[in-house]
Amino acid sequence: MKRLGQSFSFDSRDLMRSKCEHCTRLAVARELGVPELANLLAEFYEKPDNIAIRYGMRFEDSLEQDLVSSLKDQVAQPAERTMAATLELMEAGVPVIYQGVLRGGSGALEFSGRPDFLLRSDWRFVFTEKGFTAKQVDGWSGGYTAWDAKLSSTAKPEYQMQVGLYVDVLRELGLAAESNHGLILGSNELATFDADVLIAQMVADRNPFIKFVFEIADKAPQRIEDIGSLVCDASSYCDICEYPKLCRHKRQETNHLQLVAGITRANIESLHRSNVHSVKQLSEFSSPTDKLTKAQVEKLSLQARLQQHMYETGESIFEITDAAELAKLPAHNDGDIFFDLEGFTFYEEAGGLEYLFGFMSVDSGEEFHFDWADNRIEEKRIFDKFMHDLLNRIQRFPDARIYHYAPYEQTALKRLAERYQIYQTAVQELIEGEYFVDLYRVVKNSIVVSQENYSIKSLENYYSFKRVSEVKEAKGSMEYYDQYLSALKEDPASAENLKRQVIAYNQDDCASTLALTRWLRSLVDRNV
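Residues numbered from 1 in each chain as written. Predicted model: local features only at pLDDT ≥ 70, side-chain atom pairs only at ≥ 80, totals over all residues. Heavy atoms only, no water.

## Considering the pattern of salt bridges
The line we're drawing: For this analysis, a salt bridge means a side-chain nitrogen from Lys or Arg found within 4 Å of a carboxyl oxygen belonging to Asp or Glu.
A full pass over the atoms with the stated rule returns 36 salt bridges. In the salt-bridge network here, residues are joined through shared partners; they are Arg13, Asp14, Arg17 and Glu242.

Written out as structure tokens, the structure is:
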């Protein structure tokens, strides 16, 4: 969001975040120069930067390089990052323009954005064995199509909305083709759309956003208090926001309901209408609301009560809510394994790479086993080995179980069986035979803990597990693996050190899964 005299301009990120009113209020107030806000924002500013953003940029760069290599002088970048320079290339009829600039549109606020590619309407993008390129298909009668590159296998609505913004500007300029605008997906597929469809979808989001911007500006806020809550009520946009740290700070400072594990936006809105605004207030509240039954409120209230106790005393506590569900946990078997997979979403081929299989066994004392893969050939090998060893183990120990935390492991095994057309029946039979035990489901169905989330790291507060790896979370393991890939050719010693850290993280997860299983069994014994 930028101020333009008495008005504003916006970009695609502003519109993507518009379903979070907090983001829009903050952006408008920043541009209005609300006193004291600048210092607060400077304190908590954080440039959006994560592995998804970086790989998205790499994907776009690779497409540009393919086009420049294959099309030579048929592709061009504006001499300056301005709309005038972009229009100059379009007037010259350059077939492919990358990193251009478009400004304007049909809305009451000016849109400003940079489409990844503008393609002359008589050309079509194609993926070939040699890479990404474009080919002329018929005579040119004027007009361009707008394209965005997205490292995704699906053409999500928000991606289509971005392209709709570009098409809207092109149409206002009289330079839009009527069809074949679209998205270049990470799965090496093209998703194409008609101009009318894209613009209609975009306008449905843009117009309410613009109306809200004017409402905020008309109120002319003078104090931070006039802006409203400084807590984001739609945390799904935090990855593309500059101020997630501000939200986290304000949640803690205000004892915000968002801190309650498992609470939803709809829950919060309903509780607000019943004048419940903090964790403490919810911990003392038990009446039904306009959207929540008494039982639903009591469940949320228990969660809030345990968390509030922890905030006030620092003590991690829990309550067993369904002893019968907890008692369903299988008894110990010497053949049990405690399993954790590490996957890399941003592998160069669609579908990601399951690069590390790790598990703890207990039949000969606690032993950690792992296998590592850097490519599809090795991924197939370690999947084959894991399944072969697992089936042999089940033969030796018919009552053995595979313990893991959350559904990723089962989903990944099914995906690998399908990818390589091996062990499909075996994986399905193991799942249907309940050989896999998802401890996350066991926990969520049987106990309530005083933590703000139910990650296995949060549960470690209850069974005194101490991690040894430098890697602290799943996203961190992907960052380390990404660094490992970069170091493989240039610095083998550094790559080996990074690999050891990821393996140590996986070993921590496997050992923690074993410790969690033992703790849960101890709770069963306590309630017998």
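## Describing empty space enclosed by the protein
This is how it is decided: In the cavity and pocket records, a cavity denotes points on a 1 Å grid over the protein atoms alone where a 1.4 Å probe fits but cannot get out, a pocket denotes an open set with protein on both sides within 12 Å along at least 5 of 7 lines, and lining residues are residues with an atom within 4 Å of a point. Grid points are joined across faces, edges and corners, and a volume is the space filled by probe spheres set on the points. Three categories are distinguished: nonpolar for Ala, Val, Leu, Ile, Met, Phe, Trp, Tyr, Cys and Pro, charged for Asp, Glu, Lys and Arg, and polar for the others, with Gly belonging to the last. Only DSSP runs of H or I with at least four residues qualify as helices, and only runs of E with at least two residues qualify as strands; both kinds are numbered from the N terminus onward.
In total, this model carries 2 cavities of 30 Å³ or more according to the counting rule given. A volume near 50 Å³ is recorded for the largest cavity. The wall of the largest cavity is formed by Arg17, Cys23, Leu26, Ala27, Arg30, Cys241, Glu242 and Tyr243. For the lining of the largest cavity, a count of residues per class yields 5 nonpolar, no polar and 3 charged. Empty space within the second largest cavity amounts to approximately 40 Å³. When residues of the lining of the second largest cavity are assigned to their parent elements, the largest contribution, 3 residues, is made by helix α2 (residues 21–32). When its residues are assigned to classes, the lining of the second largest cavity shows 4 nonpolar, 1 polar and 2 charged.

## A few points about the packing of helix α3 (residues 37–44) against helix α9 (residues 244–254)
Geometrically, a packed helix pair is captured by the angle between its two axes and the distance between the axes. Stated formally: Note on definitions: angles span 0 to 180 degrees between N-to-C directions of axes, and those axes are lines fitted to C-alpha atoms, for helices only across the stretch in contact. Working definition: roughly parallel below 35 degrees, roughly antiparallel above 145 degrees, roughly perpendicular at 65 to 115 degrees, and oblique for all remaining angles. Note on contacts: a residue pair qualifies if any of its non-hydrogen atoms lie within 4.5 Å across the two residues.
Look at α3 against α9: their axes get within 7 Å of each other, and the N-to-C directions meet at 100°. Of the possible angle classes, the one that applies to α3 and α9 is roughly perpendicular. Mapping the contact onto sequence places Leu40, Leu41 and Phe44 in α3 and Lys245, Leu246 and His249 in α9. Classifying every residue of the contact of α3 with α9 gives 4 nonpolar, 1 polar and 1 charged.

## Structural notes on the packing of aromatic side chains
Aromatic ring pairs: the centre-centre distance and the angle between the two ring planes describe each pair. The test is simple: Think of it this way: a Phe, Tyr or Trp ring, Trp meaning its six-membered ring, pairs with another when their centres are within 6.5 Å, and the plane angle makes it stacked under 30 degrees, edge-to-face over 60, tilted otherwise. Buried means the residue's accessible area, taken with a 1.4 Å probe over protein chains only, is under 20% of the maximum for its type, while exposed means over 50%, and partly exposed covers the values in between.
Evaluated as defined, the whole model comprises 31 aromatic pairs. For the ring pair Tyr405 and Tyr440, a centre distance of 5.6 Å and an interplane angle of 85° mean the geometry is edge-to-face. Taken together, the positions of Tyr405 in the loop between β17 (402–404) and α15 (408–420) and Tyr440 in helix α17 (residues 439–446) put the pair 35 residues apart, joining distant regions of the chain. By relative accessible area, which is 14% here, Tyr405 ends up buried. With a relative accessible area of 31%, Tyr440 lands in the partly exposed category. Here Tyr463 and Trp519 contribute two aromatic rings whose centre-to-centre distance is 6.3 Å and whose plane-to-plane angle is 40°, an arrangement assigned as tilted.

## Remarks on the sheet that holds strand β14 (residues 337–344)
Definition in use: The rule for pairing is simple: two strands pair if DSSP sees at least two bridges between them.
Overall, mixed pairing links the 5 strands, which are arranged β16-β15-β14-β17-β18 in an open sheet. Of all the strands in the sheet, just β16 (367–372) and β18 (436–438) have a single pairing partner and so form its edges. Across the sheet, the axes of successive neighbouring strands diverge by a mean angle of 25°, strand direction being ignored. As paired elements, β17 and β18 share 3 bridges and run parallel to each other. From the neighbouring strand, His404 faces β18, where its bridge partner is Asp438. Seen against the sheet, α17 touches β17 and β18 and runs at an angle of roughly 45° to β18.

## Observations regarding the nonpolar core
What counts here: For this analysis, a nonpolar core means a set of buried residues of the types Ala, Val, Leu, Ile, Met, Phe, Trp, Tyr and Cys, connected via side-chain atoms within 4.5 Å.
The biggest cluster of nonpolar side chains holds 52 residues, and the ones touching the most others in it are Phe344, Leu516 and Leu520. Looking at this core element by element, the count peaks at 13 residues for helix α20 (residues 492–527). For Leu520, the residues in contact, after removing those within four places along its chain, are Leu326, Leu329, Leu439, Val442, Val443 and Ile447.

## Side note on the pairing of strand β7 (residues 117–120)
Both faces of β7 are covered, namely the face carrying Phe117 and Leu119 and the face carrying Leu118 and Arg120. Alignment of β7 against strand β10 (residues 144–150), held across 4 bridges, turns out to be antiparallel. Within β10, the residue paired with Phe117 across the bridge is Trp147.

## Here's the deal with unusual backbone geometry
We note that Asn188 has phi near 60°; this positive angle belongs to a residue other than glycine. Looking at the element boundaries, Asn188 is found in the loop between β11 (181–185) and β12 (190–193). Its identity is not glycine, yet Glu434 carries a phi of approximately 60°, on the positive side.

## Section: α3
Convention followed: The reported arc concerns the directions from the helix axis to the C-beta atoms and nothing else.
What α3 keeps buried is the set Leu37, Leu40, Leu41 and Phe44. Buried residues of α3 fall within an arc of 95° about the axis and therefore sit on the same side. Turned more than 90 degrees away from the buried face of α3 sit Ala38, Asn39, Ala42 and Glu43, all of them exposed. Buried residues belonging to α3 abut α2, α8 (224–227) and α9.

## Here's the deal with the layout of surface pockets
Looking at the second largest pocket, its volume works out to about 470 Å³. Lining the second largest pocket are 15 residues, and of these Glu434, Phe436, Val437, Asp438 and Arg441 sit closest to its centre. For the lining of the second largest pocket, the elements supplying multiple residues, two or more each, are β18 and α17. A class-by-class count of the residues in the lining of the second largest pocket yields 7 nonpolar, 2 polar and 6 charged.

## Brief notes about the environment of Ser9
Among the structural elements, Ser9 can be located in strand β2 (residues 7–10). With relative accessibility at 5%, the residue Ser9 sits in the buried group. Spatially, the C-alpha atom of Ser9 lies 18 Å from that of Cys20, the residues being 11 residues apart in sequence. The contact partners of Ser9, leaving out residues within four places of it in the chain, are Met1, Lys2, Leu4 and Glu110.

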